[in-house]
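Close look at the chain arrangement
Single-letter residue listing:
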Amino acid sequence: MTYLRYAPGIETPAADEQKTIDGIIAGMTQQSETVERREHHAVRASHAKSFACVTGELTISAGLPPELAQGLFAAPGTHPVAVRFAQGPGETLGDRVSTHRGMSIKVFDVPGEKLPGHAVDTQDFVLATGTTFPSGTAAGFLRDGTVIGKSTGLPEGVKSAVSSTMRNLNKALHAFGTESALADFFGHPYSHPLADSYFSQAPVRFGDHVAKLGAVPTAEAQRALSEWRLDPNQDEDGFRHATVAFFRENDVMFEIKAQLWADAERQPIEDASVDWPVSVSPYRTVATLRLPRQDAYSPERVRYFDEVMTFRPAHSLAAHRPLGSVMRARLQVYQALSDFRHRENGVAAEDTAGIDRIPA
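Residues numbered from 1 in each chain as written. Predicted model: local features only at pLDDT ≥ 70, side-chain atom pairs only at ≥ 80, totals over all residues. Heavy atoms only, no water.

Turning our eyes to something else, we now look at the overall build of the protein. Check the secondary structure of the protein and you find eight helices and nine strands. Against the 2.2 N^0.38 benchmark of 21 Å for 360 residues, the protein shows a C-alpha radius of gyration of 19 Å, consistent with a compact globule. Reported as C-alpha extents along the three principal axes, the dimensions of the protein are approximately 50 × 50 × 50 Å. Sorting the 360 residues of the protein into buried and exposed places 56% on the buried side. Long-range contacts, defined here as pairs at least 24 residues apart, represent 79% of the contacts in the protein between residues at least 6 apart. Carbon together with sulfur atoms contributes 54% to the accessible area of the protein, which is approximately 14900 Å² in total. Across the protein, 36 positive and 44 negative side-chain charges occur, with their mean positions spaced 1 Å apart. (Helix = DSSP H or I, 4+ residues; strand = E, 2+ residues; numbered from the N terminus. Rg over C-alpha atoms; globule rule 2.2 N^0.38 Å. Buried < 20%, exposed > 50% of the residue type's maximum accessible area, 1.4 Å probe, protein only. Contact = heavy atoms within 4.5 Å. Areas by Shrake-Rupley, 256 points an atom, 1.4 Å probe, with all protein chains shown as cover. Lys, Arg positive; Asp, Glu negative; His and termini not counted. Charge placed at Lys NZ, Arg CZ, Asp CG, Glu CD.)

Shown next, in the form of structure tokens:
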């Protein structure tokens, strides 16, 4: 198979994109202010409620073919990692409101040219459930974010009802062999967070190529969780409790996979709502993520992960620059909202340089 090559000209920003990004930042900051007034604390503008805060190792596969041996994955080896699992909303809600989930990975001891403003040897990958980002573009991000922002002040029961409606919609669609990415975004199944797969949703540079990334659970104990479902009426923090309990008894394993860019028409760079067909380019394993059994929610570690630590697409090698409209927005949006959160809480943000900074 022939894979397309990365070149600066593959991105085509809209003429008014900066105005759109400024609108996203303003809207999400307003949303964060609403949540802060209710919770008396500033939380992440997305993925606020964590499930697990863990450390482990990323092992780059040996013998990768040239098109996969790129950037971080160019040479076999093992890197320390910190990983945060969380629920999607930018507010702390009960688990009845089961939306998309996030998996943020910080890889340490990563030398090489970095994006401007990133000065330490780390690489962040910010992943979420679902292979696409339903908003598609920065303009869609602004449109959908405005709707979410207006709903932030609504009672939790209303949000739970919306989440339930979206889950039921996808159940109905599954009967016809399809599903809605937007419905899953707002109404993810009550599945176990460690049985889910997570994706970059939008493309990144992959050295000489371009790829979307995924993290797929591989441990037998995780696969055995495929039919597990939470009863949120019994435990409003059940996802966290189940995840922490699993880590207490089991190692967790994910394969990190890359889906290379091969067809400019069917794999667009600028519209993240388009699913790249696996028939055109399959996800291929480039590394293994091992998270050994551990206390996944110790108070000091959670405080560091949730209050101090930052995970951003901009914490990246130049070889893995985020690409496309949504990713260009994220490069600025994550920075602005992190600055707001840390400033409001009186906490100094830290671009964590080494695994030794992570509390036990």
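The description of two aromatic rings rests on the distance between their centres and on the angle between their planes. The tally for this structure, following the rule as stated, stands at 11 aromatic pairs. An aromatic cluster is defined as three or more aromatic residues linked by ring pairs; in this entry it consists of F85, Y198, F247 and F254. In this arrangement the basic side chain of R101 is found over the ring face of F239, its NZ or CZ atom lying 4.4 Å from the centre. For R330, the ring lying beneath its charged end belongs to F133, and the centroid distance is 4.8 Å. (Phe/Tyr/Trp six-rings, centres within 6.5 Å; stacked < 30°, edge-to-face > 60°. Lys NZ or Arg CZ within 6 Å of the ring centre and 35° of its normal.)

Before going further, it helps to examine the layout of surface pockets. Of the voids in this model, the largest pocket is the one considered here, and its volume is about 1000 Å³. What lines the largest pocket is a set of 48 residues, among which A45, S46, G88, P89 and G90 lie closest to the centre. Listing elements by their share of the lining of the largest pocket, those giving two or more residues are α1 (17-39), β4 (122-128), α2 (138-151), α3 (156-174), α4 (181-186) and α8 (325-345). A breakdown of the residues in the lining of the largest pocket according to their chemical character gives 24 nonpolar, 16 polar and eight charged. (1 Å grid on protein atoms, 1.4 Å probe; cavity = no way out; pocket = protein on both sides within 12 Å on 5 of 7 lines; lining within 4 Å. Points joined across faces, edges and corners; volume = space filled by probe spheres on them. Nonpolar A, V, L, I, M, F, W, Y, C, P; charged D, E, K, R; others polar.)

This brings us to helix α6 (residues 238-249). In a regular helix each residue adds 1.5 Å, so 12 residues correspond to 16 Å; α6 covers 17 Å between its end C-alpha atoms and thus fits that length. Of all the residues in α6, the buried ones are G238, F239, R240, A242, T243, V244, F246 and F247. As for α6, its buried residues are in contact with β1 (50-60), β2 (77-87), β3 (101-108), α5 (220-223), β8 (252-260) and β9 (283-291). (Expected span 1.5 Å × (residues − 1).)

Take the nonpolar core next. Formed by 62 residues in total, the largest nonpolar core has its most connected members in F73, F85, M103, I105 and L289. Not counting the four nearest positions on each side in its chain, L289 is found in contact with E57, L58, V81, V83, M103, I105, V252, M253, F254 and I256. One finds V126, V302, Y334 and I358 within the second-largest nonpolar core, a separate group that totals 13 residues. (Core = buried A, V, L, I, M, F, W, Y, C linked by side-chain atoms within 4.5 Å.)

Turning to its location among the elements, V97 is positioned in the loop between β2 and β3. Between the C-alpha atom of V97 and that of P155, which follows or precedes it by 58 residues, the distance is 11 Å. Setting aside anything within four residues of it in sequence, one finds V97 in contact with Q87, E156, K159, S160 and S163.

A word on the pattern of salt bridges. All told, the structure shown has 19 salt bridges when counted by the stated rule. Notably, a salt bridge pairs E91 with R38, separated by 2.3 Å at the nearest N-O pair. Of this pair, E91 sits in the loop between β2 and β3 while R38 sits in helix α1; the two residues are 53 residues apart in sequence, bridging distant segments of the chain. Between R96 and E236 there is a salt bridge; the shortest N-O distance is 3.4 Å. Placement of the pair is R96 in the loop between β2 and β3 and E236 in the loop between α5 and α6, with a sequence separation of 140 residues. (Salt bridge = Lys/Arg side-chain N within 4 Å of Asp/Glu carboxyl O.)

A word on the side chain of H79. Relative to the helices and strands, H79 resides in strand β2. On the basis of relative accessibility, which here comes to 12%, the residue H79 falls in the buried class. Here F108 takes part through its backbone oxygen, which lies 3.1 Å from a polar atom of the side chain of H79. The residues touching H79, leaving out its near neighbours within four places in the chain, are G56, E57, L58, I60, L72, V107, F108, D109 and V110. (Polar contact = N/O pair within 3.5 Å; in protein donor to acceptor, adjacent residues only side chain to side chain.)

Per the stated rule, a full pass over the model turns up two cavities of 30 Å³ or more. Here the largest cavity is characterised by a volume of approximately 120 Å³. As for the largest cavity, its lining consists of 15 residues, of which D124, F125, V126, V204 and M327 are closest to the centre. Mapped by element, the contributors of at least two residues to the lining of the largest cavity are β4 and α8. Broken down by element, the lining of the largest cavity gets its largest block of residues, five residues, from β4. In the lining of the largest cavity, the residues fall into nine nonpolar, four polar and two charged. The space that makes up the second largest cavity amounts to roughly 30 Å³. Lining the second largest cavity are L58, F73, I105, V107, F125 and I256. Its residues assigned to classes, the lining of the second largest cavity shows six nonpolar, no polar and no charged.

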